[in-house]
Structure formats: C-alpha cells, structure tokens
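Report on the structure
Spelled out, the chains give:
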2 protein chains.
Amino acid sequence: MSNHVVIMAGGIGSRFWPMSTPEYPKQFIDVLGCGKTLIQMTVERFAPICSYENMWVVTSALYVDIVKHQLPQLPAENILPEPAARNTAPCIAYACWKIKTRDADANIVVSPSDALVLDEPEYRRVINLALDFTAKSDTIVTIGIKPSRPETGYGYVYAENSDEGQELRKVSSFKEKPDYQTAEKYVADGNYLWNAGIFVWNVKTITDAMRKYAPQIASIMDEMSSDFDTPMESATVTLLFPTCEKISIDYAVMEKAEHIYTIPGTFGWSDLGSWGSLRINSEMDEKGNATIGSDVHMFECEGCVVRTSSLKKVILQGLDGYIIAEKDGSLLVCRLSEEQRIKEFTV
Amino acid sequence: MSNHVVIMAGGIGSRFWPMSTPEYPKQFIDVLGCGKTLIQMTVERFAPICSYENMWVVTSALYVDIVKHQLPQLPAENILPEPAARNTAPCIAYACWKIKTRDADANIVVSPSDALVLDEPEYRRVINLALDFTAKSDTIVTIGIKPSRPETGYGYVYAENSDEGQELRKVSSFKEKPDYQTAEKYVADGNYLWNAGIFVWNVKTITDAMRKYAPQIASIMDEMSSDFDTPMESATVTLLFPTCEKISIDYAVMEKAEHIYTIPGTFGWSDLGSWGSLRINSEMDEKGNATIGSDVHMFECEGCVVRTSSLKKVILQGLDGYIIAEKDGSLLVCRLSEEQRIKEFTV
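Anyway, here's the lowdown on the structure attached to this text. (Residues numbered from 1 in each chain as written. Chains lettered and ligands numbered in written order. Predicted model: local features only at pLDDT ≥ 70, side-chain atom pairs only at ≥ 80, totals over all residues. Heavy atoms only, no water.)

Regarding the overall build of chain A
Which entries qualify depends on this criterion: Only DSSP runs of H or I with at least four residues qualify as helices, and only runs of E with at least two residues qualify as strands; both kinds are numbered from the N terminus onward. The globule rule is 2.2 Å times the number of residues to the power 0.38, and the radius of gyration it is compared with is taken over C-alpha atoms. Per-residue accessibility, obtained with a 1.4 Å probe over protein chains only, is compared with the maximum for each type, and a residue is labelled buried under 20%, exposed over 50%, and partly exposed between these values. The criterion used for residue contact is that any of the two residues' heavy atoms lie within 4.5 Å. His is not counted, nor are the chain ends, whereas Lys and Arg count as positive and Asp and Glu as negative. To locate a charge, the coordinates of NZ of Lys, CZ of Arg, CG of Asp or CD of Glu are taken.
Along its length, chain A carries eleven helices and 17 strands. For 347 residues, the compact-globule estimate of 2.2 N^0.38 gives 20 Å, and chain A sits close to it at 21 Å. When the backbone C-alpha atoms are referred to their principal axes, chain A occupies close to 60 × 50 × 35 Å. The buried share among the 347 residues of chain A stands at 57%. Taking the contacts inside chain A whose residues are at least 6 apart along the sequence as the reference set, 66% of them involve residues at least 24 apart. Distance between charge centroids for chain A: 2 Å, based on 33 positive and 47 negative side chains.

So, in structure tokens, the structure goes:
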C-alpha cells in the first residue's frame, strides 16, 4: 500500500485579521517568522513519509494560485479546488474519491494545513504507527494530543485503556469543545485527548464509512468521480460539489463509525488557532512579547504579540497583553483577552 | 506706522512623532483635521491686521519650500531661512532687522506658527490694542493668557494691577515653567498669566532693546544688514547668523527690559504643545477620543488621540488614554501620560 497525504487548506483565517485575510489566509503566511508558511511546513513535515506525487491539497478555488506558488513541488493536478466551502466531510470525501480513482490501495493521512508540530520525528513515528495499523485493518485512527492544559478551544476524544505497551487505544466517545470546568475534569481524568483533526485510514475504509454514514455525500462523489481525469471534471465538480451537505467529518463520520482508534501524541502540537497560541508558540523576549516586524521598539510592554509587515518603524509603550498587528495598511490593536471578538470588529 | 507680522516657524516638532517629523514638522500639518495647516491658520488669523507683503516667516532653510508651497500669498523674499537654529532671540532679531531695512517705522507682532486661537476676532482686538499702544510708545507688549488650569508646560508673567478699565498692565516679572504646586498658586493668585510667546513692539524699540541687552546679536545683525537686499545676502547670513548666541528672547531681552506690558487674553489659546492638548482642542466623541484617519473603528476606547494618514483601516480595542499615531509607515502607540518621553523613544 502506498501512502497519500491530504492537506485541508480551505480556512479563511478570520481570527487573525489583518495578518490573515480572506484573500490571503493564515495557512499561507509565515506566522512564526521562520521563513516558511504554515502549509509549506506541513508539506515538509510529511515529505519523509509520502512522495509529493501522493500529496493532495484541498482548498478554495480562490487559493489555488497561492498553493501552486508556495508548493511548486506538488503536481498541479493534486491541488483540488472546492467550488464552495462545505466544511470538512465533503472536502475529505473529494480528496479520498480522487485518490481512489488513482490508487485503490491507498493508505491516507488527512491533516490541517495550519497546525504547528514541534517534534517532527516523533510526529512521523506516530503517523507511521497509525499507517501501519490502517494498512492492515478496516479502522480509523484519529491522532490525539495529550492535553497540557484545560483548553476550551479544542474538541476531545476519550481513549479507553489498552494493554500495557500498546500505543493504539480505542476511542469510545467524541466530546465537543467543553467549558473550562469540564476541560479541567478531562485533563484530570487522563484518558481524554485533544482532537487534532488528523485522521489516518485506508481509502476503502473511508469511502465505505462515507457510504454508510454520509450517503448523500458519497453518492455525489460517485457521480463526480465518473468525470474525474476527463475534460468534464472541473465543470462537474463546480456543479455537484456545492450540493453536498455542509457538515464536519466529526459529525458525519467519526461520531457514528465503529473501530476508531487513537494514539496519544506528545510531539508538541498547536493548531495556532488564536493570537494567544501564536504568541506562546513564537520566540518571546524576556517580557513575553512575541514580535515580528521591522524596527519594532517596545517600552514597558508585556505579553504582547506583534506582527507588522508594511510598517517601517514601530514604537510601542505601555501595552500589557495586546495584539498589535498590521498588514497592507490595516492595523489592529486589541487586548489578547478580547481576541475572540476580532471577527465582530472587522465586519 | 504700518503693521508687520513675524511668524516663527523653525520648530522641529519632535514631540509629535510620527505625525510630525523633522522633515515635516507640526506647524506644516493639519493637526486638527480642519483642512488647513497650523501655519496657514496663523497667517489667515493675521490677514485682517496686516497685508501679506508685510508678513514674514522665519524658518529653517530646510522648510523654505514647504512654506512657499503652503503660503503662496506671501512674497518669497519675506521667507527668511535660518542657516542654523539659534533659538528665538536671533530669529526675531533677523526678522526685525530685515523689517527695519524696509520700513523704519514698522509696528511689529511676533507670533509662533503653531498655536491655536479659538476666538479670532477677540484675538485681533487684543493685538490691535497692543499695536495702538506700541505705535505711540517705546514699550514691549507680551500677550498674556488668563490661565484656565495650573499648567506646568508654560512660562508665566506677573501682571501688576492697573487702573480700572485699563486692559494694559505692567509686567513685573517672568516665571519659568513652574511645578504643579507653584502653578496652582499662580492660578489662585489671579495676576499670573501664561506667556504665549506673542510679542508686540515697534521696530525701534526692539532693535534698541537688542543693542542694549543682547549686543552680540545686535552687532551681528548690523553686519548682516549691510548686505540685505544685495546678491551677497544669502552668503552673509549663512556665514554670520550661526555665530549668534543661542538664546531665547525671554532670557535675552524680556527678563531684562523695562517698560514691558501685557494684555490678559481670553480668546481661547493653546500652543498645541502636547498630544494631550491636541486631544482637548480637537473634536472628541462621547468617550473623549479625538480621531483623524480613514476608516478608524474603536471599541471600548476612551480618552485616546488617534492620527493616521497612510493606514487604510484601523481597529482599536480596549485602549484607555493612549496616543495612536501613524504616518508614512511609522507607528506610535503610547500612553498619553508618557508622552514627554516620545523624544527619548525615537532616538
């Protein structure tokens, strides 16, 4: 069985305005200032596991040119444009049906395009373990993350105890984003893991599961796939894909399917889903300021995250726990504690 | 006697970075967003009192082109470039010696270029009263401002009591910028006035006073003036002006001269010398924010002063008492309470 990787890159990054905009969202930005964008880091992370010919990116039609530009090593035909955003179930189905057309024995990893992994060798060890498992069984593996704090921004999975020395553990339930008290209980319990949105399965398992639990989507995919790799493909996808139900893979499949396993990962992971998590995962000065920008000078500032791009000189004084972000002539100064409201501010 | 107005426009505006820069300081900026720069407002304020032919601007050689551009109604030869900044005494001397060469009977008002006057008719009434007085007497009038608060950023003059109905009052002492407690006493006393840096005198009075109290400057002016209105003028001024003592008119003349009078002005005056005074003198929203800039949106912000020029969209949240200023790619976010340190920040 050969490995394939599906990278979901359809997010519009509205939480990171103005650094990230619907025209140029987060996954295409070098948010850590390391010289690589998040999607470039994601692709390189998988390179030792999967050939570029077997890597797939599903993204909005708007971002296809950005993906081609940032990932020239990928075959252009592996970039799959979604004519409309239908959440993760149709997105994943589209990629898996495409893979099935090319390789009926494919073993597949699905991953977001914009997460951070600190210990990449450990990450790949865990992914390979999952791939070995799904190569030989009709199972779904969702990579879990051992929680380091009672995070309310993630969903959780409950991993049943397994035999000594067995990393793979059966998942008995999925939990949506909890409130803080519940999250504290999950962390104390020890068997709850963060749901990182990284799935491993073989192509038969996922297409069968879709047929069983999401038949509306599966039948659209069957219809679409008859035109795959023909001149009609684009027109058919444009016509049919938007008729898919708008539903997440968690609701559509994971919460219903049997034989779901997880591996608790301890490779340093963040979805970089907030300015706060971006700050914590960036290099900080001794006062906890995470700064990227030219000629930025801070006086009596603490715990700030600063991202400027077109400003030439920046002087900040007396800011404690603020986001200061500028891109292409748009400026945000906002308390980190209020960052959930950024979407509302930018309407 | 004909009236002349001398406008001092040599300031480099370092307190208003980045709105004001040494390349384009405050007096040349529309800081109030009224469509006119401060120096344009100053010139228009005097227009009913003095012909443009008799208005003079003394400024740094660096700013001559800006002055010509902003004040096309003034004769180019009335713009006097200082080859070097020597404080106000040499600046005023240069203008007054120039005026003397052209008009030995001139009656002169000297004014800063960057102050705000709210009640212009009342201002002109006071100036005319002073001009009437200096036309007939060898006296110096310094316009005083009835203090509205114990301001520590201004010098004060002590005005002796005068006969009932007499607006002109003798000045018996000059006081430098006081500490807060002293300023409170001055305001309570009632006879102390802010020293606005607006002087009225005839050309004979000021040149005689300079000869007596600032003979080094006066003799340089005498030497310079022999080349005024000749092809040698520029070279001579460039050579000699920088040899003048660097001293303010207050130290050089006012604190030594006899026969100094004042008129307590109540025409709404501010030197706009700080972001705080700029905020107070600008149009504010119901939360005390004074904002000029395109597409600025504020949430939970109070008592801020915002000036943006090249930014296209600005979102500010949770800022209480801050300066947010941007110009040509430079950004400042700083507590208003710390604005005295802006010079230090920009070094």
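Things to note about the interface of chain B and chain A
Keep this limit in mind: Here the buried area means the combined drop in accessible surface, using a 1.4 Å probe, for two parts upon being joined, counting both sides. Every case where a carboxyl oxygen of Asp or Glu lies within 4 Å of a side-chain nitrogen of Lys or Arg is listed as a salt bridge. N or O atoms closer than or at 3.5 Å make up a polar contact, with two conditions inside protein: a donor-capable atom paired with an acceptor-capable one, and, for residues adjacent in sequence, both atoms drawn from side chains. Polarity classes work like this: nonpolar for Ala, Val, Leu, Ile, Met, Phe, Trp, Tyr, Cys and Pro, charged for Asp, Glu, Lys and Arg, and polar for all others, with Gly in that last group. By definition, two strands form a pair when at least two bridges between them are found by DSSP.
Facing the 27 residues of chain B at the interface are 27 residues of chain A. Of the roughly 2,400 Å² buried at the junction of chain B and chain A (both faces included), carbon and sulfur atoms supply 58%. Considering only the surface of chain B that becomes buried against chain A, Ile315(B), Gln317(B) and Leu331(B) emerge as the three largest contributors, covering 27% of it. At the junction of chain B with chain A, the criterion picks out two salt bridges. The salt bridge involving Arg341(B) is made with Glu300(A); its shortest N-O contact spans 2.9 Å. The interface formed by chain B and chain A contains 22 residue pairs in polar contact (both at pLDDT 80 or more). Broken down by secondary-structure element, the contributors of at least two residues to the side of chain B that touches chain A are strand S15 (313-317), strand S16 (322-327) and strand S17 (330-335) of chain B. Ranked by residue count, the leading element in the side of chain B that touches chain A is S17(B), at six residues. Across the side of chain B that touches chain A, the residue classes break down as 14 nonpolar, five polar and eight charged. By the bridge criterion, four bridges tie strand S15 (residues 313-317) of chain A to S17(B) in an arrangement that is parallel. Looking at the pairing, Leu316(A) lines up with Val333(B) of S17(B).

What to know about the sheet that holds S17(B)
Heads up, the condition is: Throughout, an axis means a line fitted to C-alpha atoms (over the contacting stretch in the case of helices), and angles, computed between N-to-C directions, take values from 0 to 180 degrees.
Across the sheet, six strands lie side by side as S13(A)-S15(A)-S17(B)-S16(B)-S14(B)-S12(B); this open sheet has mixed pairing. The open sheet has two edge strands, strand S13 (296-299) of chain A together with strand S12 (290-292) of chain B, and neither has a second partner. Averaged over neighbouring strand pairs, the angle between their axes works out to 5° when direction is ignored. Where S16(B) and S17(B) come together, six bridges link them in antiparallel fashion. Its bridge partner being in S17(B), Ala325(B) is matched across the sheet by Leu332(B).

Re the packing of aromatic side chains
All names here are of chain B. Using the following cut-off: Classification of ring pairs uses Phe, Tyr and Trp, with its six-membered ring standing for Trp, and accepts pairs whose centres are within 6.5 Å; under 30 degrees between planes counts as stacked, over 60 as edge-to-face, and the remaining range as tilted.
One pass over the structure, following the stated rule, counts 32 aromatic pairs over all chains. Relative to phenylalanine 241, the ring of tyrosine 94 has its centre 5.7 Å away and its plane inclined at 50°; by these criteria the two rings are tilted. On the criterion of sequence distance, the pair formed by tyrosine 94 in helix H3 (residues 88-102) and phenylalanine 241 in the loop between helix H8 (233-240) and helix H9 (249-254) is long-range, its members being 147 residues apart. Per residue, the accessibility class of tyrosine 94 equals that of phenylalanine 241, and both read buried. A centroid spacing of 4.8 Å and a plane angle of 70° characterise the contact between tyrosine 154 and tryptophan 194, whose relative ring orientation is edge-to-face. Of the two residues, tyrosine 154 sits in the loop between strand S6 (140-145) and strand S7 (156-159) while tryptophan 194 sits in strand S9 (residues 192-202), which places them 40 residues apart along the sequence. With a relative accessible area of 1%, tryptophan 194 lands in the buried category.

A look at the packing of helix H7 (residues 215-225) of chain A against helix H8 (residues 233-240) of chain A
All names here are of chain A. Heads up, the condition is: Small angles under 35 degrees read as roughly parallel and large ones over 145 as roughly antiparallel, with 65 to 115 read as roughly perpendicular and the rest as oblique. Two helices that cross are described as forming a left-handed crossing if the nearer one is turned anticlockwise from the farther one by less than a right angle, and a right-handed crossing if clockwise.
Interaxial distance between H7 and H8 falls to 9 Å at its minimum, and their mutual angle equals 160°. When the axis of H7 is compared with that of H8, the two are roughly antiparallel. H8 is crossed by H7, and the crossing has right-handed handedness. Only Thr236, Val237 and Leu240 of H8 make contact with H7, whose side of the interface consists of Ile220, Glu223 and Met224.

Regarding the sheet that holds strand S16 (residues 322-327) of chain A
As summarised here, the arrangement of the six strands in space is S12(A)-S14(A)-S16(A)-S17(A)-S15(B)-S13(B), forming an open sheet in which the pairing is mixed. Unpaired on one side and paired on the other, strand S12 (290-292) of chain A together with strand S13 (296-299) of chain B mark the two borders of the sheet. When strand polarity is set aside, the average angle formed by the axes of neighbouring strands in this sheet is 5°. As judged from the four bridges shared by strand S14 (residues 305-308) of chain A and S16(A), these two strands associate in the parallel manner. The partner of Val306(A) across the bridge, within S16(A), is Ile324(A).

Here's the deal with the environment of Met224(B)
All names here are of chain B. Here methionine 224 lies in helix H7 (residues 215-225). Considering only alpha carbons, one finds methionine 224 and glutamine 70, 154 residues apart in sequence, at a separation of 28 Å. Setting aside its immediate chain neighbours within four residues, methionine 224 contacts Tyr94, Thr236, Val237, Leu240 and Phe241.

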